[in-house]
Each structure stands twice: as structure tokens, then as C-alpha cells.
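The residues making up each chain are set out below.
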There are 2 protein chains.
Amino acid sequence: MNTQTTRKPRSDGLRSRHAILDASARLATVEGINGLSIGGLADHIGMSKSGLYAHFKSKEELQLATIDTAADLFNVEVVEPGVAAPPGRARLWALSNEFLAHLERGVFPGGCFFASVAAEIDTRPGRVRDRIVEFIEGWVGELFQTVKDAQAAGEIDPADDAEQLTFEIDAMLLMANAAYVLSPSPEVLERARRGIERLIGPAPAR
Amino acid sequence: MNTQTTRKPRSDGLRSRHAILDASARLATVEGINGLSIGGLADHIGMSKSGLYAHFKSKEELQLATIDTAADLFNVEVVEPGVAAPPGRARLWALSNEFLAHLERGVFPGGCFFASVAAEIDTRPGRVRDRIVEFIEGWVGELFQTVKDAQAAGEIDPADDAEQLTFEIDAMLLMANAAYVLSPSPEVLERARRGIERLIGPAPAR
């Protein structure tokens, strides 16, 4: 049997859209989300500008699709393995460690995509900023709910202010990101872990 | 007496260089330090491109002079009032509070100049990045020395790891900056203060 004749069409359009957005999400942590342009991205990936225009009608459309791709990547690399741990302190540690591990693996060359892009577009109202804020709120909400779960399970003092704890845990992760991108040493990641340990106690034994 | 004839020359060149760089430092926290261009800045301040070229021969020269101006501004607004407090815990609190107050006053429209620019140029080796890293190291060094002073004075347990404490205090300030620029609420600044209080104890009464 000749498999060549029976296999599915290659869907070049879809595949290359995915490849374009993957490159774009990584590039955005280096050049900035506003540094993304149809022309610049076309050069970067060796594609014609008109070929890119076939996928994205405007720079904003490219930016929003790039953010969606980065969100998918972050979910696969950080959130999903994190929430595979049982709710409560084990999951807080899993989310934190997966975040630090994604920095160490260099999933994005400029560190955390959302921290990088948020720092860039914080002063520019619009759909790009709204999407970034929405994602960050989702991440903070996940941490907050997990702190509450840990309190309900008696793993963290229920009298503690859960929003405050969430702020401080997230601060350790943000600081690790900022420091690691400037100077990629495992010591920085370890400092974030020690900071989190001070807040919620040691990671459960595996 | 005609004061018009005896007063000093207005030094237009020097004055306008200062005014240009002041505008440039603020603009860099919105457009990015790489978003600064001789042409773009000329438009922003309503000056001719050739007039700006008389001051700065290249984009890099403009960027480096902008960083120096931002450093001067940060020193005047944060470091100098901070180090006016006695060394030790009082100074740690003064530096932290002055940092948070400079966010609240909107000294730079995009929050902390150095956090903003560091997030942008972290992946771009060169003189601009070197200058930013040097400034951040100076700030972290100031906090670290002040933690050591507080330990020597018995205000903080001398057995604590001073580098770790410095990392965690700075994390609270960085998180406050990131959150405040996205959503400027005094609650964010208060969260940073409560995080620092957990680390080093309450601010001394004034």
C-alpha cells in the first residue's frame, strides 16, 4: 500500500501559522511585543512579508495571536505540570518550581514572557495590554486559590492573609525572573525557593 | 541698575541638554530605551533633529546620557532621602519607603526606570545593558550593606543570610513596581510594606 496517496493533506497553512507564532512568542521576549512587526518577523523567520500578511492582517492581530501562543506554551510548560500536584502546599510548590524550571530551560529567551511584555506595555492602553493583564490575573488567581486550598487543608495558617501571601510568593518568582535574565545563575532560583519556604514552609518530600 | 545687563549668560546649550535628557528619561519608561531615537525624541520635545544631533552624536550616546540622568533623578528622589536615615533598620525602611513613594509620585510614567529598562535590554549585550546592570548592582549593594548594618546593630538576627534578605526585600519592591504600573492602587504599595515588615520587623516610629 502506498501511504503517500492516502495520508492527510499537510495543512501547510495551519502548520506554518503555528511555527510563525512560536517564533514570534520567543522573539517578543527579546525585541518586545511592540518590536514585533510583520516586516521584522518576516525577516527573522525567512518568510516573505506578503506570506505573513496572508496570516495576519495587522500588527495588532499578530501581537494578540502571539500572546495566545505564549499563553498556551506557558500553560503546557508551567501550569499543567503544576496543577498535576494535589491542591494545597504541594501544588504551590509545584507551580513555583515549574515556573523556575521554565526560566532555567530558557523556554523564552527573555525569561517569563508575561513579565517581559507586561513591563513593556504597562503604560500603553489597548487590547494587547488587556490580554496581558487578563493572563496575569489568571496566574495570580491560580496561586491565590491554591493558597486558600492550603489553608483549608491546614497546611498554612488560615489566619494568614491569602492575598498577601500570594503577593509575596509571586514577588519571589518575579524577582527570580528579573535576576536570572540579567545573570543566569541557579543561585537566583534557589534564593526564590528559600524565600517561598520562609512563606509557606518546605516543599513536601516527593 | 539694569539687571538685564549684568546677569550671567543663560547657557542655553547646557540648559536644554538637561531638559532634553529629563524628557528622554521619562519617555524611556514608556517607549523603551530602544524606542528612543534622535528623530522620535526630537518630535516628542518639539525640537529639530539637527538640533538634537548637536547634543548627541548617536542613539547610543543619547541612551547612555539618558541612563545617567535617570540615575541622578533616582538618587535625588530615592537614595539621598533614604540614606539620610541612620544606618540599619531605619535606613532599610527609609530606602524602601522612598522607593515606593517615587512610584506613587510617578517620577517616571512607566514606574521604576531601572526595572523598566532592565526588562527591556536584559537580552541585549552592550554598553547600555552594562550601565543598567551596574546601577542595579549599586542599589542592591546599598540594600545589602544596610542589612549588614542592621545586623551589626542587633536589629536583625546576625545569623540571617544578608544576601537572602536583600533578595527578598528587593523582591517586594520589584513586585510593587510591576503591580503598581499595571494598576496604580496604594494597596499594592502597602502589600510591599507588609512583606518587608515580615522580613525585618516594623518601621521605627518617626
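Cut-offs used in this document
- Residues numbered from 1 in each chain as written.
- Chains lettered and ligands numbered in written order.
- Predicted model: local features only at pLDDT ≥ 70, side-chain atom pairs only at ≥ 80, totals over all residues.
- Helix = DSSP H or I, 4+ residues; strand = E, 2+ residues; numbered from the N terminus.
- Buried ≥ 20, exposed ≤ 12 C-beta atoms within 10 Å, placed from the backbone.
- Contact = placed C-beta atoms within 7 Å.
- Nonpolar A, V, L, I, M, F, W, Y, C, P; charged D, E, K, R; others polar.
- Least-squares fit on C-alpha atoms with pLDDT ≥ 70 in both.
- Core = buried A, V, L, I, M, F, W, Y, C linked by C-beta atoms within 7 Å.
- Expected span 1.5 Å × (residues − 1).
- pLDDT = per-residue confidence, 0-100.
- Axes fitted to C-alpha atoms, helices over the stretch in contact; angles between N-to-C directions.
- Parallel < 35°, antiparallel > 145°, perpendicular 65-115°, else oblique.
- Left-handed = near helix turned anticlockwise from the far one by under 90°.

Some words on the overall build of chain A
Looking only at helices and strands, chain A has ten helices and zero strands in total. N-terminal to C-terminal, the α/β element order of chain A is α-α-α-α-α-α-α-α-α-α. In terms of overall dimensions, chain A has a C-alpha envelope of 60 × 55 × 30 Å along the principal axes. Across the 206 residues that make up chain A, the buried fraction comes to 42%. Taking contacts inside chain A between residues at least 6 apart in sequence as the whole, the part at least 24 apart equals 63%.

Here's the deal with the interface of chain B and chain A
Residue-level contacts link 27 residues of chain B with 27 residues of chain A. Counting residues per element, the ones that place at least two in the side of chain B that touches chain A are helix H7 (113-121), helix H9 (162-182) and helix H10 (186-200) of chain B. At eleven residues, H9 of chain B tops the list of elements feeding residues into the side of chain B that touches chain A. Taken together, the residues that form the side of chain B that touches chain A break down as 14 nonpolar, seven polar and six charged.

Examining the environment of Phe 113 of chain A
Residue and element names in this part refer to chain A. Position of Phe 113 relative to the elements: it lies in helix H7 (residues 113-121). Classification of Phe 113 as buried rests on a count of 25 C-beta atoms within 10 Å. On a C-alpha basis, the gap between Phe 113 and Ala 71 in space is 8.6 Å, while along the polypeptide they are 42 residues apart. The contact partners of Phe 113, leaving out residues within four places of it in the chain, are Ala 25, Ala 28, Thr 29, Ala 70, Phe 74 and Phe 108.

A few points about the relation of the copies chain B and chain A
When chain B is brought onto chain A, the operation consists of a screw motion whose angular component is 180 degrees and whose axial shift is 0.0 Å, with 0.0 Å RMSD remaining. The two molecules are tied by a two-fold rotation axis, judged by turn and shift. Of the C-alpha atoms belonging to chain B, the one lying closest to the rotation axis is found on Ala 171 of chain B, 2.7 Å away. Of the interface residues in chain B, 100% have counterparts in chain A that sit at the interface too, so the contact is made through matching surfaces.

Observations concerning the nonpolar core
Grouped together as the largest cluster of nonpolar side chains are 122 residues, with contacts concentrated most on Leu 174, Met 175 and Ala 176 of chain A together with Leu 174, Met 175 and Ala 176 of chain B. Beyond its immediate stretch of four places on either side in the chain, Met 175 of chain B contacts Phe 167, Asp 170, Ala 171 and Leu 174 of chain A together with Ala 192 of chain B.

Thoughts on helix H6 (residues 89-104) of chain B
Since the α-helix advances by 3.6 residues per turn, residues separated by three or four positions end up pointing in the same direction. All names here are of chain B. Its 16 residues place the ends of H6 22 Å apart at the C-alpha level, agreeing with the 22 Å of an ideal helix rising 1.5 Å per residue. If you check which residues of H6 are buried, you get Arg 89, Arg 91, Leu 92, Trp 93, Ala 94, Leu 95, Ser 96, Phe 99, Leu 100, His 102 and Leu 103. If you follow the buried residues of H6, they end up packed against helix H5 (59-83), helix H8 (127-152), H9 and H10. Just beyond H6, the residue with positive phi is Gly 106, at close to 65 degrees.

What about the confidence of the model for chain A?
When the pLDDT values of chain A are averaged, the result is 91; 92% of them are 70 or greater. With pTM at 0.92, the complex prediction returns an ipTM value of 0.91.

Some points on the packing of helix H6 (residues 89-104) of chain A against helix H8 (residues 127-152) of chain A
Residues and elements named next belong to chain A. Taken N-terminus to C-terminus, the directions of H6 and H8 make an angle of 150 degrees; their axes are 8 Å apart at the nearest point. As the angle between them shows, H6 and H8 are arranged roughly antiparallel. Only Glu 142, Leu 143, Thr 146, Val 147 and Ala 150 of H8 make contact with H6, whose side of the interface consists of Arg 89, Arg 91, Leu 92 and Leu 95. In the contact of H6 with H8, the residues fall into five nonpolar, one polar and three charged.

Quick notes on the environment of Thr 29 of chain A
Along the polypeptide, Thr 29 of chain A turns up in helix H2 (residues 12-31). Between the C-alpha atoms of Thr 29 of chain A and Asp 161 of chain A, which are 132 residues apart in sequence, the distance is 33 Å.

Details of H8 of chain A
Residues and elements named next belong to chain A. Between its terminal C-alpha atoms H8 stretches 37 Å, which fits the 38 Å expected from 26 residues at 1.5 Å a residue. Looking only at H8, the buried set comprises Val 128, Ile 132, Phe 135, Trp 139, Leu 143, Thr 146, Val 147 and Ala 150. Looking at the buried positions of H8, the neighbouring elements they touch are helix H5 (59-83), H6, H7, helix H9 (162-182) and helix H10 (186-200). Directly after H8, the chain includes Gly 154, whose backbone phi takes a positive value near 75 degrees.

Some points on the packing of H5 of chain A against H8 of chain A
All names here are of chain A. Two numbers describe how H5 lies on H8: the axes approach to 9 Å, and their chain directions differ by 15 degrees. In terms of orientation, H5 lies roughly parallel with respect to H8. Read as a crossing pair, H5 and H8 show a hand that is right-handed. Every residue of H8 that contacts H5 at Glu 60, Gln 63, Leu 64, Ile 67, Ala 71 and Val 79 is listed here: Arg 127, Val 128, Arg 131, Ile 132, Phe 135 and Glu 142. For the contact of H5 with H8, the class distribution of residues is seven nonpolar, one polar and four charged.

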